[in-house]
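# What the coordinates show
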Amino acid sequence: MKISEKIKTKRKNVKNDSQINVWIQRILWLAVSFAMSFSSVIGGCCPFAISLITVSSRKNFLFSAVGAGLGYIIFCSPENGIRYFSAVLISALGTFALNMFKGKKEALLPMIISFLSVLSTGFVMDIKNGAGAGEYALTLGEAILAMGGSFFFFRAVNCSIKRLKFKALPVTDLTCVMVSASLLLSGLSFIEIKGVSPARILAALIILSSVRFGSQRWGMIVSLCLGFSLGISRENSLFLLGAYAFSALVSSLFTNFSSLGIGFSFTLSMAFFAVAANMGGFSVCCVIESLVASVILTLLPEAVTEKMSQIWENGADIAPEGSLRQSLVVRLRFASSALAQVSESVRDVREKINMLGRGEPMEGELRMVAADQFFSISDMLEDLAFEFDEAESFDFKSAGRIRRMLGEYEIYPENISVVADRFDRLRIEILAPKETKGLDNPRIKNEISKICKREFERGRISVSSAGQMLSMIEKANYKMSIGFAQYCAEGNLCGDTIKTINDSRGHMILIISDGMGKGSRAALDGAMGAGLLSKLLSAGFGFDSSLKVVNSALLVKSSEESLATLDCASIDLFTGKCEFFKAGAPASYIMKRNSLTKCELSSMPAGILRGIEFAKRTTVLAVGDEIIMMSDGITDIGGEWLEQFLRYDDSDNPNDKAKAILDFAVKNSDERHRDDMSVIVARLMNN
């Protein structure tokens, strides 16, 4: 009973908190629209409160209309008050209709409503007063201002603050946010104390803080927006547009002199413009306002300045899009993660073997294997160096567009790299936090293709301690149709392991790893060999350096003999180039039209001796060519039957061909000496 009461109380509190938040929002809309009603421009036009009504939501539009109506009645002359109040009613009715029919998805309709509301009421008033062409032109200009205000407010209200934090907000939305805030500030600029406006002091302080704690880019955006809004608020203040922008630019040159240097240079620049503008008392007040803002900035306590730094520097840890540093950091993080996974895999396998009562390896052997790891790490770093040497350029513009696009899906990556190699193939790597959702959304691939104006493959997501990384490569010329079949000689555990990897760098990699013997022990060795090799290759390491790590891992996992053959094929899907890598593996076959070529290479399996290397061979495949890879369980019964079978088999489906090879081998082998069997048949096809 007590638990149910607690649940009810908790639900009631949540509901009450939600209601409080709703009313706070409504009061804010009322207050802001009230302030906007006396935000006028040159000529006494006050259209911005009407613009705000048209972008308010269904829950808030009535409150914004009430705030605007009260403001116009209080601060405007009786005649203008009636005119603007009528415009408020028209815009409120139009906004109500939009909210009812859910038509406010774009800025166009709110812009039309605000334009017509101001234009219609203004023309009625002009007709009544017998106005001339100048008054009609002024009314038209005011209607255009109202339409522009709706555009700015709509983009500001509907933008994501989270996207702003992660530098994923488009510059247009960022500008709209700043202009909207500036228009609100201009509405408060008429509150003056002997000509000095607290609103303009606040504006100068915002500009100085953006230069001090943000960047030159931030300073220019903020100063231009504030200068525009405050400059059009009265006849003698238009010079503020140039004064604020130029003074912000000058003060940004003195960031090394801390707040004092920035404030002093800003004030001097404002004094120069005040003298040049020759606006009398207003110019002097602007200089005083700049001086007061500079003093406030200098006297701010450390706790406040740290908070302001956090506001302006949100996302500062994000590297410039497409930079070499960024791409290098991503690759090294995943390289580190891959090596950590190797260590974890070795430890897990050793624990399983120890549970069976196996002994530990000799201490001397461990030292020798550990020494080999230094050479392995050196080779791995060389692989990464080669990869970055292949990178011809980094497309930072496309990377920035991709970041803004991902923000629309609530995805905020830590790093984005768009890399073009020396063959002008684009590769994209997006590193996001582990908790990120939606990175596998197929629409993301389509959006990226539009941004880069190239077609991309679906991509692959790799997860590690560094996060999750989406890797995409430009759509290749070819693809592989792959079929495979397996037979377990003992129980349900197969000593052979098959892996297929698309490394997201334009290569399809096929792996067969055959553990020594059969059953659970062979399954451990085979799975470990193929698993570690696939992880390292996926992380971007080469075959030779990856083999050294796998070999060392097999050597140290147990004191008993432990080995695994490794049979690999890497096919470049852009050119058709096929490379075979064999470590103790049996022969493979290459079927080119009507000719059959046997690929047999002498080599040692992994896990027996230190310093083993892959035996290699290269060929070039054409469309329709096939490669056939298998474990020694199939080749043990002889090779003549297999060659005959491959020459005369006319199967179109690689999966059917693999199954047919396996069935024939099982049928013609000695059941007492039968080994685990695996077959891969892969055919090159047009993409």
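Residues numbered from 1 in each chain as written. Predicted model: local features only at pLDDT ≥ 70, side-chain atom pairs only at ≥ 80, totals over all residues. Heavy atoms only, no water.

### Digging into the overall build of the chain
For clarity, the cut-off: Helix numbers and strand numbers start at the N terminus; a helix is a DSSP run of H or I with at least 4 residues, a strand a run of E with at least 2. Relative accessibility decides the category of a residue: with a 1.4 Å probe and only protein chains considered, values under 20% of the type maximum give buried, values over 50% give exposed, and everything between is partly exposed. Residue contacts follow a heavy-atom distance rule, with two residues in contact if any of their heavy atoms lie within 4.5 Å. Under the convention used here, a 1.4 Å probe and the Shrake-Rupley method define accessible areas, while residue burial counts only the protein chains that appear.
When helices and strands are tallied, the chain shows 23 helices and 15 strands. Every one of the 687 residues in the chain was classed for burial, and the buried ones make up 51%. Taking contacts inside the chain between residues at least 6 apart in sequence as the whole, the part at least 24 apart equals 70%. Total accessible area computed for the chain in this model is approximately 33000 Å², and 60% of it derives from carbon and sulfur atoms.

### Some points on helix H23 (residues 654-667)
Because each turn of an α-helix spans 3.6 residues, side chains separated by three or four positions end up pointing in the same direction. Rules: Any helix carries an expected span of 1.5 Å times its number of residues minus one. As used here, the arc is the angular range of directions from the helix axis to the C-beta atoms.
Compared with the 20 Å implied by 1.5 Å per residue over 14 residues, the 20 Å span of H23 between its first and last C-alpha is a close match. The complete set of buried residues in H23 reads Pro654, Lys657, Ala658, Ile661, Leu662, Ala665 and Val666. In a view along the axis of H23, the buried residues occupy a sector of 165°, so they form one face of it. Where the residues of H23 are buried, they touch strand E6 (478-487), strand E14 (626-630), helix H21 (632-635), helix H22 (640-648) and strand E15 (677-686).

### Re the pattern of salt bridges
Heads up, the condition is: Salt bridge, as used here: a side-chain nitrogen of Lys or Arg that lies within 4 Å of a carboxyl oxygen of Asp or Glu.
Going through the model one piece at a time under the given rule, you end up with 16 salt bridges. The residue Lys598 makes a salt bridge to Glu600 at a minimum N-O spacing of 3.6 Å. By relative accessible area, Glu600 is classed as exposed at 56%. Across the salt bridge formed by Lys659 and Asp663, the nearest N and O atoms sit 3.2 Å from each other. On the criterion of helical spacing, the pair formed by Lys659 and Asp663 is a turn pair, its members being four residues apart in helix H23.

### Describing the sheet that holds E14
Applicable threshold: Being paired, for any two strands, means DSSP has found at least two bridges between them. Simply put, an axis is a line fit to the C-alpha atoms, just over the touching stretch for a helix, and the angle between two N-to-C directions goes from 0 to 180 degrees.
Read from one edge of the open sheet, five strands run E6-E15-E14-E11-E12, paired in antiparallel fashion. Because the sheet does not close on itself, it has two edges, and the strands there are E6 and strand E12 (595-599). When strand polarity is set aside, the average angle formed by the axes of neighbouring strands in this sheet is 15°. As defined by bridge partners, E6 adjoins E15 across ten bridges and the pair is classed as antiparallel. Bridged to Ala485 within E15 is Val679. Here H22 sits on the sheet in contact with strand E11 (588-592), E12 and E14, set at roughly 25° to E11. Its contacts with the sheet put H23 on E6, E14 and E15, and the angle it makes with E6 is roughly 25°.

### Some thoughts on the packing of aromatic side chains
Here is the rule: Two aromatic rings, drawn from Phe, Tyr or Trp (for Trp, its six-membered ring), form a pair once their centres lie within 6.5 Å of each other, and the interplanar angle then sorts them: stacked below 30 degrees, edge-to-face above 60, tilted otherwise.
In the structure shown here, the tally under the stated rule is 13 aromatic pairs. Ring centres of Trp641 and Phe664 lie 4.6 Å apart, and the angle between their planes is 20°; this geometry places the pair in the stacked category. Of this pair, Trp641 sits in helix H22 while Phe664 sits in helix H23, and the two are 23 residues apart along the sequence. What makes Trp641 buried here is its relative accessible area of 15%.

### Focus on the side chain of Ser37
Considering the arrangement of structural elements, one finds Ser37 in the loop between helix H1 (2-36) and helix H2 (48-55). Other than its neighbours up to four places away in sequence, Ser37 contacts Cys46, Ala49, Ala68, Gly71 and Tyr72.

### Quick notes on the nonpolar core
Convention followed: What is meant by a nonpolar core is a set of buried Ala, Val, Leu, Ile, Met, Phe, Trp, Tyr and Cys residues, joined one to another through side-chain atoms within 4.5 Å.
Residues Tyr72, Leu240 and Tyr244 are the most contacted members of the largest nonpolar core, which totals 65 residues. Of all the elements, helix H9 (residues 198-214) adds the most residues to this core, at nine residues. The next biggest cluster of nonpolar side chains, apart from the first, holds 25 residues, and it includes Ala539, Cys568, Phe581 and Ile612.

### Here's the deal with a nonpolar patch on the surface
Rule in force here: By definition, no residue in a patch forms a salt bridge, and every one has over 30% relative accessible area; like charges are joined within 9 Å, nonpolar side chains (Val, Leu, Ile, Met, Phe, Trp, Tyr) within 5 Å.
A contiguous nonpolar surface patch, about 750 Å² in accessible area, is contributed by Leu62, Val66, Leu70, Ile73, Ile74, Phe75, Phe85 and Leu89. Secondary structure elements with two or more residues in the nonpolar patch: helix H3 (61-75) and helix H4 (78-100). With six residues, H3 is the largest single contributor of residues to the nonpolar patch. Within the fold, Leu70 resides in helix H3.

### Thoughts on unusual backbone geometry
With a phi close to 55°, Lys194 is a non-glycine residue in the positive phi region. Residue classification places Lys194 among the exposed positions, given a relative accessible area of 83%. The backbone of Lys453 shows a phi angle near 60°, a positive value even though the residue is not glycine.

### A short note on the environment of Ile512
Take Ile512: it is sitting in strand E8 (residues 507-515). Taking relative accessible area as the criterion, Ile512 reaches 2% and is therefore assigned buried. Measuring from C-alpha to C-alpha, the distance between Ile512 and Ala569 comes to 9.3 Å, with 57 residues separating the pair along the chain. Sequence-distant contacts of Ile512, defined by excluding residues within four places in its chain, comprise Thr497, Ile498, Thr565, Leu566, Asp567, Met629, Met630, Ser631, Ser678 and Ile680.

### Brief notes about the side chain of Asp496
Condition: Between N or O atoms, a polar contact is any pair within 3.5 Å; within protein, one atom must be a potential hydrogen donor and the other a potential acceptor, and residues adjacent in sequence are included only when both atoms are from side chains.
Position of Asp496 relative to the elements: it lies in strand E7 (residues 496-502). Owing to a relative accessible area of 3%, Asp496 belongs among the buried residues under this scheme. In this structure the side chain of Asp496 is engaged in a polar contact, spanning 3.0 Å, whose partner is the side chain of Ser678. Setting aside anything within four residues of it in sequence, one finds Asp496 in contact with Gln486, Ser513, Asp514, Ser631, Asp676, Met677 and Ser678.

### Considerations on the sheet that holds E8
Spatial ordering of the open sheet is given by E7-E8-E9-E10-E13, a layout of five strands whose pairing is antiparallel. The open sheet is flanked by E7 and strand E13 (615-620), the only strands paired with a single partner. In this sheet, neighbouring strand axes are inclined to one another by 10° on average, regardless of whether the strands run parallel or antiparallel. In this structure, strand E10 (residues 577-583) lies alongside E13, joined through six bridges in antiparallel fashion. Residue pairing for E13: Cys578 is matched across the bridge by Thr619. Helix-sheet contacts for helix H19 (residues 520-538) involve E7, E8 and strand E9 (564-572), and the interaxial angle to E8 is about 160°.

### Digging into the packing of H2 against H3
Axis angle and axis distance: for two packed helices, these are the angle between their axes and the distance between the axes, and together they describe the pair. Short version of the rule: In this scheme, roughly parallel covers angles under 35 degrees and roughly antiparallel covers those over 145, while 65 to 115 is roughly perpendicular and the rest are oblique.
Between H2 and H3, the least distance of the axes is 8 Å, while the angle of their chain directions is 170°. As judged from the angle between their axes, H2 and H3 are roughly antiparallel. Residues Phe48, Ala49, Ile50 and Ile53 of H2 form the contact with H3, whose participating residues are Phe61, Ser64, Ala65, Ala68 and Tyr72.

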